[in-house]
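Single-letter residue listing:
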Amino acid sequence: MKAMILAAGMGTRMRPLTDHCPKPLLSVADKPLIVHHLERLATAGITDIVINVSYRAEQIVEALGDGQRFDVSLAYSHETTPLETAGGIRHALPLLGEAPFLLINGDVWCDIALETLPELKDDLAHLVLVANPDHHAEGDFALDDAGRVRLDSTTRLTYAGLAILDPALVASLPDNVPAKLAPLLREAIASQRVGGTHHRGGWVDVGTPERLETLDTRLRGI
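Definitions and cut-offs
Residues numbered from 1 in each chain as written. Predicted model: local features only at pLDDT ≥ 70, side-chain atom pairs only at ≥ 80, totals over all residues. Heavy atoms only, no water. Core = buried A, V, L, I, M, F, W, Y, C linked by side-chain atoms within 4.5 Å. Buried < 20%, exposed > 50% of the residue type's maximum accessible area, 1.4 Å probe, protein only. Helix = DSSP H or I, 4+ residues; strand = E, 2+ residues; numbered from the N terminus. Contact = heavy atoms within 4.5 Å. Arc of directions from axis to C-beta.

Engineer: Please explain the nonpolar core as it appears in this structure.
Structural biologist: For soluble globular proteins, the rule of thumb is that nonpolar side chains tend to be buried together. Membership of the largest hydrophobic core comes to 45 residues, with the highest contact counts inside it found for Leu41, Ile49, Ile51, Leu64, Leu102 and Leu162. The element contributing the most residues to this core is helix H1 (residues 33-43), with five residues. Setting aside residues up to four positions removed in sequence, Ile51 forms contacts with Ile5, Ala7, Ile34, Leu64, Leu74, Ala75, Tyr76 and Ser77. Among the nonpolar cores identified, the runner-up in size contains 30 residues, and Val50, Leu173, Ala179 and Leu185 belong to it.

Engineer: Help me understand helix H2 (residues 57-64) in this model?
Structural biologist: Two residues of an α-helix separated by three or four positions point the same way, owing to the 3.6 residues in each turn. Residues of H2 that are buried include every one of Ala57, Ile60 and Leu64, and no others. An end-on view of H2 places all buried positions within 65° of arc, on one side of the element. Phi for Gly65, located one or two positions after H2, is positive at around 60°.

Engineer: What is the right way to look at helix H4 (residues 182-190) in this model?
Structural biologist: Looking at H4, one finds that the buried residues are Leu184, Leu185, Ala188 and Ile189. Angular distribution of buried residues about the axis of H4 spans 135°; they occupy a single face of the element. Turned more than 90 degrees away from the buried face of H4 sit Glu187 and Ala190, all of them exposed. In this structure, the buried residues of H4 make contact with helix H3 (84-96), strand S8 (125-130), strand S10 (149-150), strand S11 (158-165) and strand S12 (194-198). Count one or two residues on from H4 and you reach Gln192, which has phi positive near 60°.

Engineer: I'm lost on the environment of Gly221 in this one. Help?
Structural biologist: Looking at where Gly221 falls in the secondary structure, it is placed in the segment after helix H5 (209-220). Looking at Gly221, the relative accessible area reads 64%, which means it is exposed. The spatial distance from the C-alpha of Gly221 to the C-alpha of Gly195 is 34 Å, given a sequence separation of 26 residues.

As structure tokens, this is what we get:
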């Protein structure tokens, strides 16, 4: 299985830290945030990785290179301007191929064992969901006892920014046009083609300087 790391955003919520540094390269426990992803992917045996880049793309490419020193192989999907999540995935399809792939938001940290995620089979997506954090108390999607993601429940969990996706989910989108992933997921959920895993371990949406500092402290064991 291949993986794609979303790293094209401008990181506006992280300013001023991202004024001169792309968010994926911000340091957490003495290494760039995106390197935590690369190491976890390598541990899971997922070594063929696509990274979409736009804002300060050259810094990311220079810092990570071909991925060899992280025991992975990296390819880059360049976006002239950020294409949102679904648009970025659609633009990267020539690099991702036709098989299901693992999608990871570049601005999260999660300790889930990636190799334990199930195969898609007939689904279009399998989402990792977590308990709702304080900053997103309403959640995103429900998960029933059969492991199916649903829209018709007020008891919701938060999408963790990790998923297995079938390229068919975005293949019909026009290339180089910004598009969000959430509407496509809702359509697939309504068609009963999305499964989910409730991860009860560690997860952080590294969306603000304060959360970045909290994660850094946590991983250092201070």
